[in-house]
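# Structural characterization, general
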Amino acid sequence: MQFGLSEEQRLIVDTTRAFVENELYPHEAEVERTGVLRPELIAEIKAKAIAAGLYAANMPADVGGAGLDTVTWLLYEKELGRASYALHWNCVARPSNILLAGTPEQRERYLFPCIRGEKSDCLAMTEPNAGSDLRSMQASAVQDGDDWVLNGTKHFISHADMADFVITFMASGEEDTPRGKRKKITAFFVDKGTPGFSVRDGYQNVSHRGYTNSVLEFDDCRLPKQQVLGEVHKGFEVANAWLGATRLQVAATCLGRAERAFGHAVSYAAERKQFGQQIGKFQGVSFKLADMATEMKAANLLVFEAGWKYDQGTVTDEDMAMAKLKATEMLAFVADEAIQIYGGMGLMNDLPLERIWRDARVERIWEGTSEIQRHIISRALLRAVGG
Amino acid sequence: MKVLVPVKRVVDANVKVRVKGDGSGVELANVKMAMNPFDEIAVEEAIRLKDAGKVEEIIVVSIGPAQAQETLRTALAMGADRAILVKTDETAEPLGVAKVLKGVVDAEKPGLVILGKQAIDDDANQTGQMLAALLGWAQGTFASKVEINGDKAKVTREVDGGLQTIDLKMPAIVTVDLRLNQPRYASLPNIMKAKKKPLDEKSAADFGADLKPRLKVVKTEEPGGRKAGVKVKDVAELVSSLKSAGVI
């Protein structure tokens, strides 16, 4: 096993870190204060991100991305994750890998403009009555001649207000399986402005100010069959084939943010004096630091091992579930302890800690809750022994 | 025209430097290193000259340990064409470095050498000037603007009290100041491509020079901490305190 970084990986980390610190950090306070990401600000930072080759760097080189292997991509995600989510996601977009599954025409229309920064994408799966149990979705697609007609509601749809199109997953029929009836799912590209498709504001939420989620309504929204992504009724197959690593993406961004919070905490422990000595000399504080660092290291090892296995083609669902579970729970722990080390000052918005603490909360919920990750891990353990 | 850009690997500007326990120098083990920020500006200027069609090839050279290769890769990822690593485990001192660079200049025959006015580790601010003396070339130090026109370089220098503009006859040495430009990021696709650009490893002897230390470090110590100030009641007390402190 080899745990060191290559020269390129170190340079990529350095460049991404420098970009995040110089171009994103200075705007965090504004986004936190206003809760809004100004379009001019997005345009300004996006242009710089494109020049630095950071924009859409998750994509393969042959379509205009940076052509990173999974470990290197996760290192890049980790660095981006240090900054405010709204800023790094909107200004240094990583178009969904699922766009690579499109036909040549769909790639021209959706993938390439996203990589060039001319369009942005979003994915719609969740519904008010279909969260963790996605397959129970009610929004439907019914074939009508050469067209499909979409009806139903999606919610919690991240970035849908800014996106130019949505990739939505709809129930397109039912099939019998040995375990009973099961819905068949089909994925579609739906452009903004398509009659019968509307986007309205979603909810204000505790995490990630400046980040938006929306409610999508499909009301007899008619699409030609060319808008189907992948095969009809194979929506989950295409999702599984292309979206598997998004859990690692969430995990990697958590590693970066935890490291940032820890950096503040350890410096403060060395500087702050109470009762005549540095607070880091008190075991109550120093043991916290030791536990935080150990948890961070464990999460890093899990995430990068899963990334490495992803490249070898040997990764399992439970590898990625463990990485996501550990990294998101670690972030919650490290953010909380960092605040505890600071005391009252940690809760003030002069520092990024209260934000990191709030932002950490959603990470244990989206892209599969901690409970779903535990379910995936334990299911694999039991299946191995006939359970 | 070829341009030569010497780059130095130094402790990253954001690192809090610590003196070694025995006072022999600063702690370098497990410390984040980076390209000297002034040298980054020099690389950027060379790339801009190339973009403007004034330069055909940018050669970067670093004198240092094997890890200085990373600094060279950064320069290649920014846009330099090829790199030379003059490997040494000795501490690089300005005169030794200038002598090696003279050898590199003799071998490569660049029309221009652009380098940082100083490195942020020892802040010597000597290499460019020494190299100019060894080569007998014109020098424009502390540049905040560089224009190349045929066999003339017009360099605006940041000097005490303002800006001075001088014309240099090429070939010339230019050392760059902070306000010359804003260096670009080494872009991700270019980082991936930089591996394919040539990087030659050489020794000081290959250039007819040696890097044996000419200076002796007597002692390295941390600067003393700031002393607490005193509060004064009024201007009169302020003036008399300053007088008694011998400041005015």
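Residues numbered from 1 in each chain as written. Chains lettered and ligands numbered in written order. Predicted model: local features only at pLDDT ≥ 70, side-chain atom pairs only at ≥ 80, totals over all residues. Heavy atoms only, no water.

In the annotation of an unreviewed UniProt entry, the entry for chain B reads Electron transfer flavoprotein subunit beta, and the organism field reads Mesorhizobium denitrificans. Under the UniProt heading Sequence similarities (unreviewed entry), the note attached to chain B is "Belongs to the ETF beta-subunit/FixA family." Its UniProt record gives chain B the following Cofactor (unreviewed entry) comment, quoted word for word: "AMP". (UniProt positions renumbered as here; feature names shortened; annotations may be inferred.)

Going by the annotation in an unreviewed UniProt entry, the name recorded for chain A is Acyl-CoA dehydrogenase, with Mesorhizobium denitrificans given as the source organism. As stated in UniProt under Sequence similarities (unreviewed entry), the record for chain A gives "Belongs to the acyl-CoA dehydrogenase family." Database annotation for chain A, UniProt heading Cofactor (unreviewed entry): "FAD".

## Notes on helix 10 (residues 353-363) of chain A
All names here are of chain A. Taken across its 11 residues, helix 10 has nine buried, putting it largely inside the fold. Along helix 10, the residues classified as buried are Leu353, Glu354, Arg355, Ile356, Arg358, Asp359, Ala360, Val362 and Glu363. Taken together, the buried residues of helix 10 touch helix 1 (7-34), helix 7 (246-271) and helix 9 (317-342). (Buried < 20%, exposed > 50% of the residue type's maximum accessible area, 1.4 Å probe, protein only. Helix = DSSP H or I, 4+ residues; strand = E, 2+ residues; numbered from the N terminus. Contact = heavy atoms within 4.5 Å.)

## Section: the interface of chain A and chain B
Opposite the 22 residues of chain A that make contact, chain B presents 14 residues. For the pair chain A and chain B, the two sides together bury roughly 1500 Å², of which 61% comes from carbon and sulfur. If you look at where chain A meets chain B, you find four salt bridges. Where B:Glu70 meets A:Arg10, a salt bridge forms, and the shortest distance between an N and an O atom there is 2.8 Å. Scanning the region where chain A abuts chain B turns up seven residue pairs in polar contact (both at pLDDT 80 or more). Element by element, the count of residues in the side of chain A that touches chain B is highest for helix 1 of chain A, at 13 residues. Broken down by class, the residue content of the side of chain A that touches chain B amounts to 11 nonpolar, five polar and six charged. (Buried area = accessible area lost by both parts, 1.4 Å probe. Salt bridge = Lys/Arg side-chain N within 4 Å of Asp/Glu carboxyl O. Polar contact = N/O pair within 3.5 Å; in protein donor to acceptor, adjacent residues only side chain to side chain. Nonpolar A, V, L, I, M, F, W, Y, C, P; charged D, E, K, R; others polar.)

## Looking at the side chain of A:Asp359
Residue and element names in this part refer to chain A. Residue placement: Asp359 occurs in helix 10. By relative accessible area, which is 1% here, Asp359 ends up buried. Leaving out residues up to four positions away in the same chain, Asp359 has contacts with Ser207, His208 and Arg257.

## Concerning the nonpolar core
Among the nonpolar cores identified, the biggest contains 139 residues, and A:Tyr76 and A:Phe169 are the most heavily contacted of them. No other element matches helix 7 of chain A, which puts 12 residues into this core. In contact with A:Tyr76, other than residues within four places in its own chain, are A:Ile12, A:Thr16, A:Leu54, A:Ala56, A:Ala57, A:Asn58, A:Leu68, A:Val92, A:Arg94 and B:Leu188. (Core = buried A, V, L, I, M, F, W, Y, C linked by side-chain atoms within 4.5 Å.)

## Comments concerning the pattern of salt bridges
As enumerated under the stated definition, the model contains 54 salt bridges over all chains in all. Across the pair A:Lys288 and A:Glu337 runs a salt bridge, and its minimum N-O distance is 3.4 Å. Here A:Lys288, found in helix 8 (residues 283-312), pairs with A:Glu337, found in helix 9; they are 49 residues apart in sequence, far enough to count as distant. Salt-bridge contacts for B:Lys212 lead to B:Asp210; the nearest nitrogen and oxygen are separated by 3.8 Å. For B:Asp210, a relative accessible area of 32% translates into the label partly exposed.

## What to know about unusual backbone geometry
Each neighbour pair has its own omega, and for B:Met170 with B:Pro171 the value is -5°, a cis peptide bond. Looking at the secondary structure, you find B:Pro171 in the loop between strand 9 (162-169) and strand 10 (172-176). Although it is not a glycine, A:Ala56 adopts a positive phi angle of roughly 55°. Along the chain, A:Ala56 falls in the loop between helix 2 (39-51) and helix 3 (70-80). The exposure class of A:Ala56 is buried, given its relative accessible area of 0%. Notably, A:Asp220 is not glycine yet its phi reads approximately 50°, a positive angle. Within the fold, A:Asp220 resides in strand 7 (residues 213-224). Judged by its relative accessible area of 51%, A:Asp220 is exposed.

## With respect to the packing of aromatic side chains
All names here are of chain A. A complete count under the given rule lists 13 aromatic pairs over all chains for this structure. Considering the side-chain rings of Tyr85 and Trp89, the 5.8 Å spacing of their centres and the 15° angle between planes classify their relative orientation as stacked. In this pair, Tyr85 and Trp89 are both assigned in helix 4 (residues 85-91), four residues apart and thus about one turn of the helix distant. Using a relative accessible area of 12% as the deciding quantity, one classes Tyr85 as buried. Relative to Phe282, the ring of Phe275 lies with its centre 6.2 Å away and its plane at 85°, an arrangement referred to as edge-to-face. The exposure class of Phe275 is exposed, given its relative accessible area of 79%. Exposure remark for Phe282: the relative accessible area of 29% places this residue in the partly exposed category. Every member of this aromatic cluster is reached through a ring pair, and the members are Tyr85, Trp89, Tyr211 and Trp366. Sitting above the plane of the Tyr25 ring, Arg260 keeps its charged end 3.6 Å from the centroid. (Phe/Tyr/Trp six-rings, centres within 6.5 Å; stacked < 30°, edge-to-face > 60°. Lys NZ or Arg CZ within 6 Å of the ring centre and 35° of its normal.)

## Details of the UniProt feature "domain: Acyl-CoA dehydrogenase/oxidase N-terminal" (unreviewed entry) in chain A
Under the local residue numbering, the UniProt record ascribes the feature "domain: Acyl-CoA dehydrogenase/oxidase N-terminal" (unreviewed entry) to residues 6-118 of chain A. Helix makes up 64% of residues 6-118 of chain A and strand 0%, whereas the separation of the span's terminal C-alpha atoms amounts to 33 Å.

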